[in-house]
Amino acid sequence: MIREALKSLKSGFQLLKSKPITYNFPPETPLAKEFRGRHIFDPTKCRSCGLCAKICPNKAIEMVEEGGTPSSSQVKVRHPQIDYAKCCFCGLCADICPTGALRMTNFPMLVAMDKSQLLFPPEKLAQPPELKMPEKPKIKNLTSWARSRSLWVINFFTGCCFIEAIPWVSSGFDMERFGLLVADSPRHADIFIIAGYVTWKTLKRIIRIYEQTPPPKFVVALGNCPATGGTYWDSYNTVKKIDDYIPVDIWIAGCPPRPEPIGLAVVEAMNAIQSGYTGKKEEVKTSEKLRVPATKEKLEENEFLLPFGPQHPASGNFQLKLKIDGENIVEAEPQVGYLHRGFEKLMEYRTWMQNVMLVERICVLDGGSYEVGYSVAVEKLAGLEPPERAQHLRVIQAELSRIQSHLLNLGLIGGATGFHTIQRITWGDREKILYLLERLTGGRIYHIYSIPGGVRRDLKEEFKKEAVKVLAYMRKRLKTYDELFIENPVFRKRTLDIGKLKAETALENDVTGPNLRASGIKFDVRKSTPYLAYDQLDFEIPTFKEGDAYHRTLVRRMEIEESLNIIEQALKKIPSGAFKVRFAPFATVPEGEAMSFIESARGELCFHMVSSGTNMPYRVKVRGPTFDTILVMLPKILKGAKIADVPVIYWSLDNCPADHDR
């Protein structure tokens, strides 16, 4: 044990000696030219066909006359106007434009203190985007200056956008350089970040947090959902305008926004506060239906109710109602409904191609797997056979997505056990994997890359060179993870024999993926029923028998190494030729039903789809890997556990709250 502890200390000292990987601001992060950012419009090429508006899943594009006047059928010259409070940057509009009049740039900065500034008429779209850092205003007084340099943040991660907010606590961006500190209580905070989709259930909590935050307070709304409902504009459960209930000081557009615009918003906020801005007038619009009802629960003597989440830093958009007796968990009841839902129904109102944009949001943490699973099911219905090159490209996408998901989980389990250093390191390294995904697909989190018939764009030669460097870097970092974290005696003691899950119990409760393999069942869809190009690749399936929190973490660490091997092989074996077969944007699919099943980062993922012969699905059913694991199995594992072990067990199971909230 002493030798292992010394090895961990040595690894930590080596990190202190090495060059920091923190990025500077204004952004100097690697920004791929392939990234889908703000549009640019060439009016000389536009035919006024309106296809861009027709394909837009979010109704963000409207054909208007010059100056933003809505067009009529008699007007011949119509150009696109884009509301970036709605746009999810899927790029389908640019794909369908027959003349290339509407293109995507890689410009990610869309920040405004007034939501109306996010509406871009044709003439504004035609102006090339550029980053203009705001000029520093004069300091009003010492109080304003001090307040602007010490901002205490409380957040409510309500949806997808949290995935691009969390890099700010990593070694990649390091929010503390801006004077930003995470507040443990709204009573200590002055910045309130609302990150993503807002349900009526979350709105109750948001209002409560806002009311508890002392003045002056500032609200930052992250992403399209708080502004307009975003991708879920037609969902019954969506609160479409958060500013109908509380004032918002800064809007950040995107779905989700990149981390860099968050930095720009922080700079904007600091400058405004320095010049004396004290926030908008405190107005809360509420009603009786938004009040949180008092909970009445029959308790035994010495029993208490303890909520874990949804605002707990280790719960992640999820809540457990814990009944405790002293330090012991008597009963754990999942409380869902804090995230976007209704996906399967929403897919019935979007075309087969538009749904590629939607399915990734079912699991924000591993969206690549979901679009692959969806596309495979559509191809079975449509009778399409994607080219071999596309199958290899999908493998590369899926394995990169698996790696970034596992790195995210290593950070979460590290944070849950008090190893915040490993959290910052793994999340910083995850940025390198996201950069590769950005180069390959055009998106960091939502790739919208695998489509029915193949993939949207081909692999570029420079991607291979960059991938080789990143893969070699990650192999070295895995050794650091082992010495600093996996083999650390403190972490081992904190996780060994904690949250044990027997093999037979896992099978009875439909547990899949790394959680199943950590309990001794060597099952992986990639091996048992190969799909894509997995039958042409050589890789192992890490498996252990112990079934505890430690070995669930170890499986994911080892799977990262196997994914690196898979990507290297796929890059070497990728054949030449076409990367897709044609599937029209508004294509109809023959009547019938089909099912696909793949191995996502969290386990087996299934799509069951029914077509009635139209250009939209008739029915869709998604069987995600976390539904049974979290909503059924987790409460059983927690029974009898200690309060302090709840976050450890919870994140060792690698929850994706969006997956079971759907």
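Residues numbered from 1 in each chain as written. Predicted model: local features only at pLDDT ≥ 70, side-chain atom pairs only at ≥ 80, totals over all residues. Heavy atoms only, no water.

Caption draft 1: Layout of the packing of helix α13 (residues 388–416) against helix α20 (residues 549–573). Their axes nearest at 9 Å, the elements α13 and α20 cross at an angle of 155°. The pairing of α13 with α20 is recorded here as roughly antiparallel in orientation. Helix-helix and strand crossings are classified by hand; for α13 and α20 the assignment is left-handed. Listed contacts from α20 to His392, Val395, Ile396, Glu399, Leu400, Arg402, Ile403, His406, Leu407, Asn409, Leu410 and Ile413 of α13 are Thr553, Arg556, Glu559, Ile560, Ser563, Leu564, Ile566, Ile567, Ala570, Leu571 and Lys573. Its residues placed into classes, the contact of α13 with α20 shows 13 nonpolar, five polar and five charged. (Axes fitted to C-alpha atoms, helices over the stretch in contact; angles between N-to-C directions. Helix = DSSP H or I, 4+ residues; strand = E, 2+ residues; numbered from the N terminus. Parallel < 35°, antiparallel > 145°, perpendicular 65-115°, else oblique. Left-handed = near helix turned anticlockwise from the far one by under 90°. Contact = heavy atoms within 4.5 Å. Nonpolar A, V, L, I, M, F, W, Y, C, P; charged D, E, K, R; others polar.)

Caption draft 2: Representation of the pattern of salt bridges. For the structure on display, the rule yields 34 salt bridges. Note that glutamate 348 is salt-bridged to lysine 345, the shortest N-O span being 3.1 Å. Judged by relative accessible area, glutamate 348 falls into the buried class, the value being 14%. As a salt-bridge pair, arginine 556 and aspartate 654 come within 3.3 Å of each other at their nearest N and O atoms. Of this pair, arginine 556 sits in helix α20 while aspartate 654 sits in the loop between α22 (646–652) and α23 (657–661), and the two are 98 residues apart along the sequence. Given a relative accessible area of 1%, aspartate 654 falls into the buried group. When salt bridges with common partners are traced through the structure, they connect Glu399, Arg402, Arg517, Asp524, Arg526, Glu559 and Glu599 into a single cluster. (Salt bridge = Lys/Arg side-chain N within 4 Å of Asp/Glu carboxyl O. Buried < 20%, exposed > 50% of the residue type's maximum accessible area, 1.4 Å probe, protein only.)

Caption draft 3: A look at the sheet that holds strand β17 (residues 592–600). In space, the three strands of this open sheet follow the order β17-β18-β19, with antiparallel pairing throughout. Only two strands of the sheet have a single neighbouring strand rather than two, namely β17 and β19 (617–623). Direction aside, the axes of adjacent strands within the sheet are offset by 15° on average. Alignment of strand β18 (residues 603–611) against β19, held across six bridges, turns out to be antiparallel. Pairing of methionine 609 across the sheet is with valine 620, part of β19. The sheet strands contacting helix α12 (residues 367–382) are β17, β18 and β19, and the helix crosses β17 at an angle near 150°. (Pairing = 2+ DSSP bridges.)

Caption draft 4: Spatial organisation of the domain arrangement of the protein. Once the domains are mapped, the protein shows domain 1 (39–108 + 117–126), domain 2 (142–284) and domain 3 (343–661). Centre-to-centre, using C-alpha coordinates, domain 1 lies 29 Å away from domain 2. Contacts between the two partners involve eleven residues from domain 1, matched on the other side by twelve residues from domain 2. When residues of domain 1 are sorted by the area they lose upon contact with domain 2, Asn58, Ala85 and Pro108 head the list and together hold 45% of the total. Across the domain 1-domain 2 interface, the total number found is zero salt bridges. A class-by-class count of the residues in the side of domain 1 that touches domain 2 yields eight nonpolar, one polar and two charged. (Domains from an automatic or database assignment. Buried area = accessible area lost by both parts, 1.4 Å probe.)

Caption draft 5: Fine view of the nonpolar core. Tyr84 and Phe192 are the most contacted members of the largest nonpolar core, which totals 171 residues. It is α13 that provides the largest number of residues to this core, a total of twelve residues. Counting residues in each nonpolar core, the second largest holds 28 residues, with Val153, Ala165, Leu180 and Ala265 among its members. (Core = buried A, V, L, I, M, F, W, Y, C linked by side-chain atoms within 4.5 Å.)

Caption draft 6: How the structure looks around the state of the cysteines. Inspection of every chain in the model, using the stated rule, returns one disulfide. Sulfur-sulfur distance for the disulfide between cysteine 363 and cysteine 656 comes to 2.4 Å. Between cysteine 363 and cysteine 656 the sulfur-sulfur dihedral comes to about 130°; the bridge is accordingly right-handed. Of this pair, cysteine 363 sits in the loop between α11 (355–359) and α12 while cysteine 656 sits in the loop between α22 and α23, placing them 293 residues apart in sequence. By relative accessible area, cysteine 363 is classed as buried at 1%. In this structure cysteine 225 is a free cysteine whose sulfur lies 5.4 Å from that of cysteine 255, the closest cysteine sulfur available. (Disulfide = S-S within 2.5 Å.)

Caption draft 7: How the structure looks around the sheet that holds strand β9 (residues 191–195). Strand order in this open sheet of six strands is β5-β11-β10-β9-β7-β8, and the pairing throughout is mixed. In this open sheet, the two edge strands, each paired with only one partner strand, are β5 (111–112) and β8 (180–182). Each of β5, β7 (151–157), β8, β10 (218–222) and β11 (250–252) touches helix α9 (residues 259–274); the most contacted strand, β11, lies at about 170° to it.

Caption draft 8: View of the side chain of threonine 238. Among the structural elements, threonine 238 can be located in the loop between α8 (225–228) and β11. In this structure the side chain of threonine 238 is engaged in a polar contact, spanning 2.9 Å, whose partner is the side chain of tyrosine 197. Looking at threonine 238, its side chain comes within polar contact range of the main-chain oxygen of tyrosine 232, at 2.9 Å. Leaving out residues up to four positions away in the same chain, threonine 238 has contacts with Tyr197, Val198, Trp200, Gly229 and Tyr232. (Polar contact = N/O pair within 3.5 Å; in protein donor to acceptor, adjacent residues only side chain to side chain.)

Caption draft 9: How the structure looks around the packing of aromatic side chains. Evaluation of the coordinates by the stated rule reveals 17 aromatic pairs. Centre to centre, the rings of phenylalanine 485 and phenylalanine 491 are 4.1 Å apart; their planes meet at 40°, and the pair counts as tilted. Accessibility assignment for this pair places phenylalanine 485 and phenylalanine 491 in one class, buried. Among the aromatic residues, those joined into a cluster by ring pairs are Phe308, Phe318, Tyr650 and Trp651. Between lysine 54 and the ring centre of phenylalanine 586, over which it is positioned, the NZ or CZ distance is 4.7 Å. Directly above the aromatic system of tyrosine 618 lies the positively charged group of arginine 619, at a separation of 4.5 Å from the ring centroid. (Phe/Tyr/Trp six-rings, centres within 6.5 Å; stacked < 30°, edge-to-face > 60°. Lys NZ or Arg CZ within 6 Å of the ring centre and 35° of its normal.)

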